[in-house]
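# Observations on the three-dimensional arrangement
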Protein chains: 2
Amino acid sequence: MTLHMYDLAGAEPERRFSPYCWRIRLALAHKKLAVETIPWRFTEKAEIAASGQIFVPVLVDGDRWIADSWIIANYLEDTFPAAPSLFGGIAGRSLTRFYSSFADSLVGAIFPFIAIDILNHLADQDRDYFRATREKRVGTTLEALVADRERKLTAFRASLTPLRNVLKAQPFLGGTQPLYADYAIFGPFQWARCISPFALLEPADPIRLWRDRLLDVFGGLARAAPAYDA
Amino acid sequence: MTLHMYDLAGAEPERRFSPYCWRIRLALAHKKLAVETIPWRFTEKAEIAASGQIFVPVLVDGDRWIADSWIIANYLEDTFPAAPSLFGGIAGRSLTRFYSSFADSLVGAIFPFIAIDILNHLADQDRDYFRATREKRVGTTLEALVADRERKLTAFRASLTPLRNVLKAQPFLGGTQPLYADYAIFGPFQWARCISPFALLEPADPIRLWRDRLLDVFGGLARAAPAYDA
């Protein structure tokens, strides 16, 4: 049975940009699973109500609805054990949770650089919802948040030193081949790439080079998506 | 043959506080290996010259001298493969490198809170060296750095959110039992605990509770060391 995934989209249905959905797109490809994605907007909560969640990704496998990227990744690992492992074993699964959590914090760290670009890509129906929820969260307007972004860039790049040092020493976080840890942290960078022309990383940054390697895996799945390549 | 490890000490030889040495003390215990530690001061570079390094930990295994905590951990894993694994497999080893790198950044993040307490614990011979090298690195006096520490505490604790969220969900970073990933990140917290009365973490913080669990492993090895318990 074909899997379906609700996938955050902009005004253009093919503009898919959720950092959490991208993790699962690559996890599905890693597991060699076909998926039909369903474009979904922030305000279409009713469409995914069966999942018990109001956010995507939501995976639909027959009559099962699974929400939350970490839970979905574990579901894929347990339901398709014969396919290549996302975690590399029992210890690997436990060790991967920190990558997932660290990636969540990266979403917050990257948001001030791309907030206005997200708004500009949204379907009309989502714009008021997005602005209201996000401005409440950050305590300022999206315009004011982004106006300051050049000044914040040096500190942001410096904050990535622990990640950078790993990627100087090995091609992927998972070693010689990518694992879910890679997809989790790739998500926020692909989010930014799909929605914003702003260059978060310098061209020669080992993190940028790793990101580019991940654009090429699975037949260039992530590279084929509508995106900017600043 | 008994292993030996050069281990950073303060004025009191039993005051062992290096975050990097603590990683390896616990890694050795995890591997069920006995070790004789040799108290070493920052200025005793000549004593470890055979390692090719000027920092501890340095492990001496017969005629082999091994420096750098990550290299030592890998040496122990490869040299004693029948003992419990530090990494939990091939993928686990690759996935552990980020923990080691993240722990290094934690040393930098914690330093402003404990710098003066380190100075106050050092042997006389080390004090000028420590002050000169560290003040050059941070661009201010140790006193000025620490004077500001209460103001920095909220941001420091907030920066640990990704780690905290993992430790709300599982007892150790390695899962139900600790792995080298745990020891790597425990190191900076044990460093602070051994040298400073300053309370970096709130008593109910899941990170503090995890730290306390690691004080109890291996017969309370880390708890037995001279330390503060603020």
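Residues numbered from 1 in each chain as written. Chains lettered and ligands numbered in written order. Predicted model: local features only at pLDDT ≥ 70, side-chain atom pairs only at ≥ 80, totals over all residues. Heavy atoms only, no water.

### Re the pattern of salt bridges
Residue and element names in this part refer to chain A. To keep things clear, this is the line we draw: Any Lys or Arg side-chain nitrogen found within 4 Å of a carboxyl oxygen on Asp or Glu counts as a salt bridge. Numbering goes from the N terminus for both helices and strands, where a helix is a DSSP run of H or I of at least four residues and a strand is a run of E of at least two. Burial classes follow relative accessibility: with a 1.4 Å probe on protein chains only, a residue under 20% of its type's maximum area counts as buried, one over 50% as exposed, and anything between as partly exposed.
Summed over all chains, the structure comprises 30 salt bridges over all chains. A salt bridge links Arg-16 to Asp-7; the nearest nitrogen and oxygen atoms lie 3.0 Å apart. For the salt bridge of Arg-164 with Asp-205, the shortest nitrogen-to-oxygen distance reads 2.8 Å. Here the residue Arg-164 occupies a position in helix 7 (residues 161-169), and Asp-205 occupies one in the loop between helix 8 (180-195) and helix 9 (206-220), the gap between them amounting to 41 residues. Of the residues examined, Arg-164 reaches a relative accessible area of 14% and is grouped as buried. The buried category is assigned to Asp-205, whose relative accessible area is 7%. Each of Asp-7, Arg-16 and Arg-25 takes part in one network of salt bridges that share partners.

### Some details on the sheet that holds strand 4 (residues 64-67) of chain B
All names here are of chain B. Which entries qualify depends on this criterion: Should DSSP find at least two bridges between two strands, the strands are regarded as paired. Between N-to-C directions, angles cover 0 to 180 degrees, with each direction set by a line fitted to C-alpha atoms, over the stretch in contact for helices.
Here we have four strands laid out as an open sheet, ordered 2-1-3-4, and mixed in their pairing. If you trace the sheet from one side to the other, it starts and ends with strand 2 (35-40) and strand 4, each paired once. Sheet twist, expressed as the mean angle between neighbouring strand axes with direction ignored, is 20 degrees. Across three bridges, the pairing between strand 1 (residues 3-8) and strand 3 (residues 58-61) is antiparallel. Its bridge partner being in strand 3, His-4 is matched across the sheet by Val-60.

### Concerning the packing of helix 3 (residues 90-121) of chain B against helix 4 (residues 124-138) of chain B
Residues and elements named next belong to chain B. We count it as follows: For this classification, under 35 degrees means roughly parallel, over 145 means roughly antiparallel, 65 to 115 means roughly perpendicular, and everything else is oblique. Helix crossings get a hand from a simple test, with the near helix turned counterclockwise from the far one by less than a right angle marking a left-handed crossing and a clockwise turn marking a right-handed one. Between two residues, a contact is recorded if the distance between any of their heavy atoms is within 4.5 Å. The classification used treats Ala, Val, Leu, Ile, Met, Phe, Trp, Tyr, Cys and Pro as nonpolar, Asp, Glu, Lys and Arg as charged, and all other residues, Gly among them, as polar.
Contact pair helix 3 / helix 4: the axes reach a minimum separation of 10 Å and the direction vectors enclose 165 degrees. When the axes of helix 3 and helix 4 are compared, the pair comes out roughly antiparallel. Here the hand of the crossing between helix 3 and helix 4 comes out left-handed. When helix 3 is examined against helix 4, the residues Phe-111, Ala-115, Ile-118, Leu-119 and Asn-120 are found in contact with a partner set consisting of Arg-127, Phe-130, Arg-131, Arg-134 and Val-138. Tallied by class, the residues present in the contact of helix 3 with helix 4 amount to six nonpolar, one polar and three charged.

### Here we look at the relation of the copies chain B and chain A
Each of the two chain copies can be brought onto the other by rotation about an axis and movement along it. For clarity, the cut-off: Least-squares superposition aligns the copies on the C-alpha atoms of those residues with pLDDT at or above 70 in both.
Once turned by 180 degrees and shifted 0.0 Å along the axis, chain B lies on chain A with an RMSD of 0.0 Å. When the rotation and shift are considered jointly, the pair of chain copies conforms to a two-fold rotation axis. Scanning chain B for the C-alpha nearest the rotation axis identifies Gly-92 of chain B, at a separation of 2.5 Å. In this assembly the copies share their binding face: 100% of the residues contributing to the interface of chain B also contribute to that of chain A.

### Focus: the interface of chain B and chain A
Bring the parts together and some accessible area is lost; that lost area is often taken as the interface size. Filter applied, for reference: Here the quantity called buried area is the total loss of accessible area, with a 1.4 Å probe, experienced by two parts when brought into contact, counted for both. A 3.5 Å cut-off defines polar contacts: any pair of N or O atoms within that distance qualifies, except that in protein one atom must be a possible hydrogen donor and the other a possible acceptor, and neighbouring residues in sequence count only when both atoms are side-chain atoms.
Taken together, the contact between chain B and chain A spans 25 residues of the former and 25 residues of the latter. For the pair chain B and chain A, the summed buried area comes to about 2000 Å², and 70% of that belongs to carbon and sulfur atoms. Counting across the interface, chain B meets chain A through zero salt bridges. Here chain B and chain A share eight residue pairs in polar contact (both at pLDDT 80 or more) between them. Elements with a minimum of two residues in the side of chain B that touches chain A: helix 3 and helix 7 (161-169) of chain B. The element that contributes the greatest number of residues to the side of chain B that touches chain A is helix 3 of chain B, accounting for 11 residues. When its residues are assigned to classes, the side of chain B that touches chain A shows 13 nonpolar, 11 polar and one charged.

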